[in-house]
Structures are given as C-alpha cells and as structure tokens.
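Residues per chain are reported as follows:
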Amino acid sequence: MINKRISFFVSCLAIVFYGLLLTPSIFAEQNAILGFVPDASEFNGWKWSSSPKQVNGMELFAVINGEAERYLRHGCLRAVFATYQLPSGQFMDISVFEMKDKTSAENLFNEKVELTGEALPIGDQAIFEGYYLNFHQSNFQVTISGSDPSKTSRKEVVAVAEKIFGRMKELIP
Amino acid sequence: MEKKIDRRSFLVKGATLGAMSILGSSVLPAVNLSGTSLWAAEKVDLSVVKGRDYYKNTMKAVSQLGGMKQFVSRGSKVGLLVNSPFKNYGAHAKPEIVLAAITMCYEAGAKEIRVLKEEFDGYWQRSTLASEFGDEIASLKPAWDDKVSVDIKDGISLKDATVCRDLLECDVLINISITKDHMGTNFSCILKNMMGAAASSTNFSFHVPFNNVEKLSQRIADLNLLRKPDLCIADATEFISTKGPYGPGKILSPKTVVAGVDRVAVDAYVCRFLGLDAKDIHMIQYAHQHDMGNYKLDELNILETRG
C-alpha cells in the first residue's frame, strides 16, 4: 500500500516537474508557433470560427483533457489550436504541436496516422486520410481536419497544410 | 446579455417535432434484438433509433422510453452533461442530439437547464439547427465552474473527487455522450463521460500512473457512484473508431441513437459498434460490480426502430 502511494506521488511529481521544465518562460520565441497558422483572410471567403490560441505544457489538459497525456508523454512543449469557417458552412480544425525534438514530432505523427493513408510531399512526412491530414516538419507535428468527412475537400485540406508548411520554412531557422 | 425564451416557440416546435416522431414510430415496425414484435405497453430498457435525422432519432428514442415527462417534471432544474469538448469530427456528441434533448426538457416543463461541461468554441455552430434554436442555446446556464469536493464512500480506487455542484444538486441529470474509441479505456461513452463533470485536478489523478487501464476504469466506475443519470443518450451516429478520444480517426456511421436509464446497459449496447464486448471492458464490468446496471443485453428489453 505504502509502495503504491509512493509510486503514485513519484509519478505525480515527475509529471509536475516535466510540466515545469516545459514552462514557456524557459524557451525563447515561445510565440513563434502562432505564426505558423495562416490568417483566415488568406483563403477566399474563409473566416475564423475560433482564432489561434496557444497553450503551454500542462495547460493542454484544460483543452484536450486526458488526451493531453499522450502529447506530454511524447514531449509536447506547446500547441496552437484554431478553426476556420468556410463559405460552404464547413469548418477546418488546425492543431500544431511543438515537440521537444524532431524524433518526438515523428513519433507523435506515427501514432496519429493510419498506414492506409495517402502520402504527400509536405514537410518531412505527410499523410492524407479521407478528411484529415497529418504532417511533421522539424520538431512540429500538424493536424488539419475537416468538420464533416463527407463534405471535406481534399484540395482545401492540402492547401492549408501547404500554407502552414510554407510558414514553417520561413520561420524555422 | 441573457435572452428570454419564447415558450410559445418551444411548444410549437416541440409539438410539431413530437408529432413527426410519433408518426414515424407508428408506421414502422418495432423489433427487439431477436426480431420479434414488441407491444408498446412493455417496459423498454433500451430505445434504439436508426436514421439519418439525428434530431428526430433522439426525439423518437426518448418517446419510446415513455417521453421526457417520465424524467423531467414541471419546474425542475436539469443538469446536462454533454461530451462536447473535442472539436474533431466524431469526437463529440452531435449538437442535433443535444438540441433535441433540450427541446424535450423544456416541453416537459423544465425550469432551467444547467450545462455541466463547457463545450468547445463554436460547438453549436457545427449543426445547421444552431440558428433555429438560438433561444434554446442562449437559455443554457453554464455550471461547470462551480465545483465542490465530495467523498466517495464506496469508491474502491477513488475515495474523493471535485465535481460540479449541479451534478449533485440538479433535480434531473441527463448524460449525453458520443460512442468512440479511447486510448485509455478502449471505449468511451456514458460512464466515461462522467469525467466531464469532474475538476481537472480529479481527472488528472485518473491518468496517473499512465497506461493503467484497470485503474483508470475503476476510478471512472467509482466516480459514477456520485450520481446516477436519470436519462442516458448515446450518440452512435458517426464516431471515431481509431485515434480516440481526440481524433481525427476512422469514422464509423451506424447512424444510431440509443436512450436508456441504465448507463451500464447503454454502454454495453453501443460498445458493440466498435466491435467490442461489454464483458471485455473493465469500466463496464466495474460499474456492474457497483450494481449500477446490467450489461447482459439478452436480459434487457431492447426496442430497435428506424427514424
């Protein structure tokens, strides 16, 4: 019983320390990730349903609840979430995760894709799967997802991914 | 600014949609799992409606249980716990289903509806019904910030929790959740959705240590000891069957809404859409061991109809 309690508290402490390590003040250019998401005005007729919001380290739990565990385990430092509303009434959800290194981004990517998807030449690796696209570039992992699989346009999803990748090439040293 | 509800519009909408729902059920045969006819007088444990119109399916699913008045009395305060924090398609309960429940609650005479979990930004707009139901949406009272700490006397792994005050104090609790894949428990629906009413600090402890399915499942079952939902509605219309709970992932589309009082039974029914058996899901088994309900579908009266 005591061992179980010790194990529990050690696990908690490890997570808290890990969260502290990921505290944004430690990192320079902490807001750079926001710059990767293109403004809605860059797409004809699109508008923000939810403008880009950045969360850091443990704040992920407040946004994606228990799913945050997966991202933190992989070494997520911070993330940006945004949603476009398209003229068709559809929505496009964007998630950009800044990971501790390139390997972490690749590992997260591999966990998020199916083997049956369509490989595309975006970033280090990209896969499109019916209504969503994942790619990773450097230490970033990006997901773009349509709000209705039956009405999502591959062209629009790919266009957003290419724009984000373009921004990354400009902004990542 | 708070918008006033137009009661007349509720009644007109509700009467119209209720009539459509009843008409639909009268012209289609009702069958149980074994395909035999059911008499309307029989007590229905699980009401299952399949069809493309999720709003109407929900109305019909509840009417087949005897109608919302079975659960909501005039002047009551309803607590609505909806699985709505994740944006990705198939990772949140469809707004149409929630709107149908809200409409029925007001028709039944609910005084107010308190929402126990904050929905993601733009949630309601994901439905084409959002503009039509603007008054209803505006009438909802946010209740997720008011939390209280409570002991869980019979909890096996979870002995206390911090949860929404209204989870405990509302007159009627309605739990609406999407059926989906979940990396932690393999499956998520009504039982798992109870975590939506708990504080982040409580939920965080559920996930420590990581990857312990048994512990997470036991704590979810323990948390469910705090309050039995009066009505459970499972969204098994379109949901992620991989990469859950957040998604995006592969979508399955059974286009089915399931309503029932027994949360264990509802979960046991819908987990089959993911190719799972309730006997193999720790969370369902632990809840059953807490006497929360019956996972043996062959012992239940299940009414399956088309919307």
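Conventions used here
Residues numbered from 1 in each chain as written. Chains lettered and ligands numbered in written order. Predicted model: local features only at pLDDT ≥ 70, side-chain atom pairs only at ≥ 80, totals over all residues. Heavy atoms only, no water. Helix = DSSP H or I, 4+ residues; strand = E, 2+ residues; numbered from the N terminus. Buried < 20%, exposed > 50% of the residue type's maximum accessible area, 1.4 Å probe, protein only. Contact = heavy atoms within 4.5 Å. Pairing = 2+ DSSP bridges. Axes fitted to C-alpha atoms, helices over the stretch in contact; angles between N-to-C directions. Lys, Arg positive; Asp, Glu negative; His and termini not counted. Salt bridge = Lys/Arg side-chain N within 4 Å of Asp/Glu carboxyl O. Polar contact = N/O pair within 3.5 Å; in protein donor to acceptor, adjacent residues only side chain to side chain.

Caption draft 1: Representation of the overall build of chain A within the structure. When you go through chain A residue by residue, the secondary structure sums to 5 helices and 7 strands. Overall, chain A shows an N-to-C arrangement of helices and strands of α-β-α-α-β-β-α-β-β-β-β-α. Residues classed as buried in chain A amount to 51% of the 173 residues present. Looking at chain A alone, contacts between residues at least 24 apart form 58% of all its contacts between residues at least 6 apart.

Caption draft 2: Focus on the pairing of strand β3 (residues 91-99) of chain A. All names here are of chain A. Burial of β3 is extensive: 9 of the 9 residues sit out of reach of the surface. Of the two faces of β3, both are covered, the one formed by F91, D93, S95, F97 and M99 as well as the one formed by M92, I94, V96 and E98. In the sheet, strand β2 (residues 76-85) pairs with β3 via 9 bridges, with the strands oriented antiparallel. Within β3, the position partnered with T83 by the bridge is D93. The turn joining β2 and β3, which pair antiparallel and follow one another in sequence, is formed by 5 residues; a positive phi near 95 degrees is taken by G89. Of the strand pairs in this sheet, β3 and strand β7 (residues 140-146) are connected by 7 bridges, and their pairing is antiparallel. Counterpart to I94 in the pairing with β7 is I144.

Caption draft 3: Region of interest: the sheet that holds strand β5 (residues 125-129) of chain A. All names here are of chain A. Taken together, the 7 strands give an open sheet; going across it, the order is β1-β2-β3-β7-β6-β5-β4, and neighbouring strands pair in antiparallel fashion. Taken across any chain shown, the strands that pair with only one partner, and hence form the sheet edges, are β1 (47-56) and β4 (118-120). When strand polarity is set aside, the average angle formed by the axes of neighbouring strands in this sheet is 15 degrees. Strand direction decides the pairing type here: strand β6 (residues 132-137) and β7, joined by 6 bridges, are antiparallel. Within β7, the position partnered with N134 by the bridge is T143. Of the strands in this sheet, β3, β5, β6 and β7 touch helix α4 (residues 102-112), which is tilted by about 160 degrees from β6.

Caption draft 4: Region of the structure containing the side chain of K180 of chain B. As for its position among the elements, K180 of chain B is in the loop between β7 (172-178) and α6 (190-193). Notably, K180 of chain B is buried but unbridged: the nearest opposite-charge side chain belongs to E67 of chain A, and the N-O separation is 7.7 Å. Here the side chain of K180 of chain B touches A91 of chain B through a polar contact of 2.8 Å, landing on its backbone oxygen. Those residues in contact with K180 of chain B that lie beyond four places of it in its chain are N83, F86, G90, A91, F187, S188, F239, I240, P245 and L274 of chain B.

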